[in-house]
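Architecture at a glance
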2 protein chains.
Amino acid sequence: MIEAHLMRLKARHAIGADEVAAIRASIGEIRDYPARRILVEPGEELSFSTLVLKGLISRYKDLSEGQRQVTQVHVPGDFADLHSFTLKRLDHSIMTLTPCKVALVPHAKLTEITERFPHLTRVYWFSTNLDAAIHREWEVSLGRRTAISRCAHILAELRFRLEIVGMADKRSYDLPISQIDLSECLGLTAVHVNRSLRKLREDGIATFRTGRVEIQDLAALEEVGEFDPAYLYPTAVPI
Amino acid sequence: MIEAHLMRLKARHAIGADEVAAIRASIGEIRDYPARRILVEPGEELSFSTLVLKGLISRYKDLSEGQRQVTQVHVPGDFADLHSFTLKRLDHSIMTLTPCKVALVPHAKLTEITERFPHLTRVYWFSTNLDAAIHREWEVSLGRRTAISRCAHILAELRFRLEIVGMADKRSYDLPISQIDLSECLGLTAVHVNRSLRKLREDGIATFRTGRVEIQDLAALEEVGEFDPAYLYPTAVPI
DNA sequence: CGCAACTTTGACTTTACTCAAGACGAGTGG
DNA sequence: CCACTCGTCTTGAGTAAAGTCAAAGTTGCG
């Protein structure tokens, strides 16, 4: 059930048997949600964090003019809001992008982990710091990369993150979201994303169609997106 | 010496006398740096975190074409890289923007805090999650706000953050950085930042000149920047 | 004083946005 | 089985925002 989550943690740190047991003991209710279900509204007080078991979840902020900026996309194995453990009230919304299965982890259990498992605490702290590293890379995309480069970058990033949990390989992966969703991640209009994706397709680099990404030339994709996976910490230092 | 830091923590959480003592005990070497000194290069292994006592520090990433995106600016009282405690190697650079005084906090001391002070651990964890909240707000600026709105937003954000540590009021504050630095935060060219600042000045909202921000109309500044301080968690929930 | 870095402004270019219309595709009901 | 619908995708034409290039003005500092 939480294998993807353990996979994600173990990809970076040595997790002891007692820690795995503590993680399993922290899992509460399992829930299924349809696509586009809002899970968290800004400001509401939370008493649990949501672990993604299946599906894709986005965090986003809406502006006055109806514009939306997605600040992060979560894949299976990720916590969608481990940061809510310390923040309690979030500054953004959380929504499913696809049908999802999630596990609720009560904050009380996380508090217990901070009291009894300092190393696991540091591993979970690392996890929120990794989220922040992804935010930083997105800031770079939004601030400095061209539309085509942003598109290539996100396709490369999601491929890499999904590969860690065994849901992507070098050639393709499922990404059952719309170009509109993608445009909200990239700070572009859907029309412009469409044109940029066409360019990637015409250049023989990658194709995004009917919920699936087919990569013809991964090296080119990562080069166009200036994608360097270092910020995803594929190999972490023991803590 | 670390009063601004304690001020920043106490603005959000109750910090016990034993915790204050643990914080003071964690402070190592004090260092002074000139402006524009690079403190951390991407990938180098760190054994301490840097606490800002005086001055401004930026975190940034450089792209191949010589473009730079600043991902965060730190004010006195902030850790510039508390996240390096768990990440060890950073995905970005850290540089002083102005002459700075900093305190080095060995990671070993932070590890000790995670072993002996679970509540203080959660407070520091909160602190890195607050950094991530700022990253998210910057993603929104970079992705969706116009140039003028971005300029107004950052001036409002820095005012608010500096006020928390007693270095700004409603009317003005020192910001001894160049328009070039600002443009690297905002994902704009320096020329365009210059034009946007002129617009803010001509509209009687705010003036940024010779290292100082003078605010004629704070309400208008925050409205143009769509600035809502909720993401800075001025009032946090106990953890 | 004189240099260097930064600021300011103008003229022009590029990138991305807006608006609009037609095509496509999955799911629905007759 | 087919027409219909809704949301999404695609493309074209025109517009707006921000970038580029260049030059002059300003400021701080040695």
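Per an unreviewed UniProt entry, chain A goes by the name Crp/Fnr family transcriptional regulator and belongs to Sphingomonas turrisvirgatae.

With that out of the way, let us pick up the overall build of chain A. Secondary structure assignment for chain A yields 9 helices and 10 strands. In terms of overall dimensions, chain A has C-alpha extents of about 55 × 40 × 30 Å along its principal axes. By the burial criterion, 63% of the 239 residues in chain A qualify as buried. Counting every atom, chain A has about 8900 Å² of accessible surface; 52% of that belongs to carbon and sulfur. Each charge class in chain A can be summarised by its mean position, and for the 31 positive and 32 negative side chains these summaries are 2 Å apart.

Residues annotated in UniProt with the feature "domain: HTH crp-type" (unreviewed entry) correspond here to residues 145-219 of chain A. Span residues 145-219 of chain A is 55% helix and 15% strand, its end C-alpha atoms 18 Å apart.

Our focus in this paragraph is the interface of chain A and chain B. Taken residue by residue, the interface counts 54 residues in chain A and 54 residues in chain B. Summed over both sides, the interface between chain A and chain B buries roughly 4900 Å², with carbon and sulfur atoms accounting for 59% of that surface. Of all residues in chain A, Trp 125, Arg 136 and Arg 144 of chain A bury the most surface against chain B, accounting for 19% of the area lost on that side. There are 6 salt bridges connecting chain A and chain B.

Here we come to the sheet that holds strand β1 (residues 30-33) of chain B. Residues and elements named next belong to chain B. Strand order in the open sheet made by the 3 strands is β1-β7-β3, with antiparallel pairing throughout. Each edge of the open sheet is held by one strand with a lone partner, namely β1 and β3 (48-54). Here the average twist between neighbouring strands, direction ignored, is 35°. Here β1 pairs with strand β7 (residues 100-106) via 4 bridges, running antiparallel. The residue of β7 that forms the bridge with Ile 30 is Ala 103.

A few words on the relation of the copies chain A and chain B. Mapping chain A onto chain B calls for a screw motion: a turn of 180° about the axis and a shift of 0.0 Å along it, with 0.0 Å RMSD after fitting. Classification of the inter-copy transformation places it as that of a two-fold axis. Both copies present the same face, since 100% of the interface residues in chain A are matched by interface residues at the equivalent positions in chain B.

In this structure, Tyr 124 of chain A together with Tyr 124 of chain B are the most contacted members of the largest nonpolar core, which totals 80 residues. If we ignore the near neighbours within four places in the chain, the residues touching Tyr 124 of chain A are His 5, Leu 9, Ile 23, Phe 79, Leu 82, Leu 110 and Ile 113 of chain A together with Trp 125 of chain B.

Turning next to the protein's contact with DNA strand C. Contacts to DNA strand C come from 16 residues, most closely from Ala 147, His 192 and Arg 195 of chain A together with Gln 179 and Asn 194 of chain B. Taking the atoms of DNA strand C that fall within 4 Å of the protein, sugar and phosphate contribute 71% of them. Measuring from a base oxygen of DNA strand C, one finds a side-chain N or O atom of Arg 195 of chain A at 3.1 Å. At a separation of 2.6 Å, a phosphate oxygen of DNA strand C approaches a polar side-chain atom of Gln 179 of chain B. Counting only elements with at least two residues in the surface near DNA strand C, the list comes to α8 (190-202) of chain A together with α7 (179-186) and α8 (190-202) of chain B.

In the region of DNA strand D, 16 residues are neighbours, and Gln 179, Asn 194 and Arg 198 of chain A together with Ala 147 and Arg 195 of chain B sit closest. Counting only atoms of DNA strand D within 4 Å of the protein, the sugar-phosphate share comes to 71%. Put simply, the parts of the chain that give the surface near DNA strand D at least two residues each are α7 (179-186) and α8 of chain A together with α8 of chain B. Broken down by element, the surface near DNA strand D gets its largest block of residues, 4 residues, from α8 of chain A. Within the surface near DNA strand D, the residues separate by chemical class into 5 nonpolar, 7 polar and 4 charged.

Now for helix α6 (residues 147-164) of chain B. Residue and element names in this part refer to chain B. Taking 1.5 Å per residue as the helical rise, α6 with its 18 residues ought to reach 26 Å, and the 26 Å between its terminal C-alpha atoms agrees with that figure. Across the 18 residues that make up α6, a large majority, 16, are buried. Gly 166 lies just past α6 and shows a positive phi near 75°.

Residues and elements named next belong to chain A. A sheet is described by the order of its strands in space; here 4 strands give the open sequence β2-β6-β4-β5, paired in antiparallel fashion. Only two strands of the sheet have a single neighbouring strand rather than two, namely β2 (38-40) and β5 (68-74). The average undirected angle you get between the axes of adjacent strands in this sheet is 35°.

The rules behind the values
- Throughout, residues of each chain are indexed from 1 in the direction in which the sequence is written.
- The lettering of chains begins at A and the numbering of ligands begins at 1, in the order of writing.
- For this predicted model, a pLDDT threshold of at least 70 governs which residues receive local features, and a threshold of 80 or more governs which side-chain atom pairs are given and counted, while totals over whole chains, interfaces and linings are taken from all residues.
- No hydrogens and no water enter the side-chain calculation; it runs on all heavy atoms of the structure.
- Every helix listed is a DSSP run of H or I at least four residues long, and every strand listed is a run of E at least two residues long, numbered separately from the N terminus.
- Note on classification: 1.4 Å probe, protein chains only; a residue is buried when its accessible area is under 20% of the maximum for its type, exposed when over 50%, partly exposed between these limits.
- Here the accessible surface of atoms and residues is derived via Shrake-Rupley with a 1.4 Å probe, and residues count as covered only by protein chains that are part of the display.
- Note on charges: Lys and Arg go in the positive column, Asp and Glu in the negative column, and His and the chain ends are not counted at all.
- The atom standing in for a charge is NZ when the residue is Lys, CZ when it is Arg, CG when it is Asp and CD when it is Glu.
- UniProt positions are given in the numbering used here, feature names are shortened, and annotations may be inferred rather than shown by experiment.
- Residue contacts are defined here by distance: any two heavy atoms, one from each residue, within 4.5 Å place the two residues in contact.
- Using a 1.4 Å probe, buried area is obtained as the accessible area two parts lose upon being combined, added over both of them.
- Salt bridge, as used here: a side-chain nitrogen of Lys or Arg that lies within 4 Å of a carboxyl oxygen of Asp or Glu.
- One bridge is not enough; two strands pair if DSSP finds at least two bridges between them.
- Interaxial angles span 0 to 180 degrees and are taken between N-to-C directions of axes, which are lines fitted to C-alpha atoms, for helices over the stretch in contact.
- Least-squares fitting of one copy onto the other uses the C-alpha atoms of those residues that reach a pLDDT of at least 70 in both copies.
- Side-chain atoms within 4.5 Å link the members of a nonpolar core, which is a set of buried Ala, Val, Leu, Ile, Met, Phe, Trp, Tyr and Cys residues.
- By convention in this text, a residue qualifies as near a molecule or strand provided that one of its non-hydrogen atoms is within 4 Å of it.
- N or O atoms closer than or at 3.5 Å make up a polar contact, with two conditions inside protein: a donor-capable atom paired with an acceptor-capable one, and, for residues adjacent in sequence, both atoms drawn from side chains.
- By the convention adopted, Pro, Cys, Tyr, Trp, Phe, Met, Ile, Leu, Val and Ala count as nonpolar, Lys, Arg, Asp and Glu as charged, and the other residues, Gly among them, as polar.
- To estimate how far a helix should reach, multiply one less than its number of residues by 1.5 Å.

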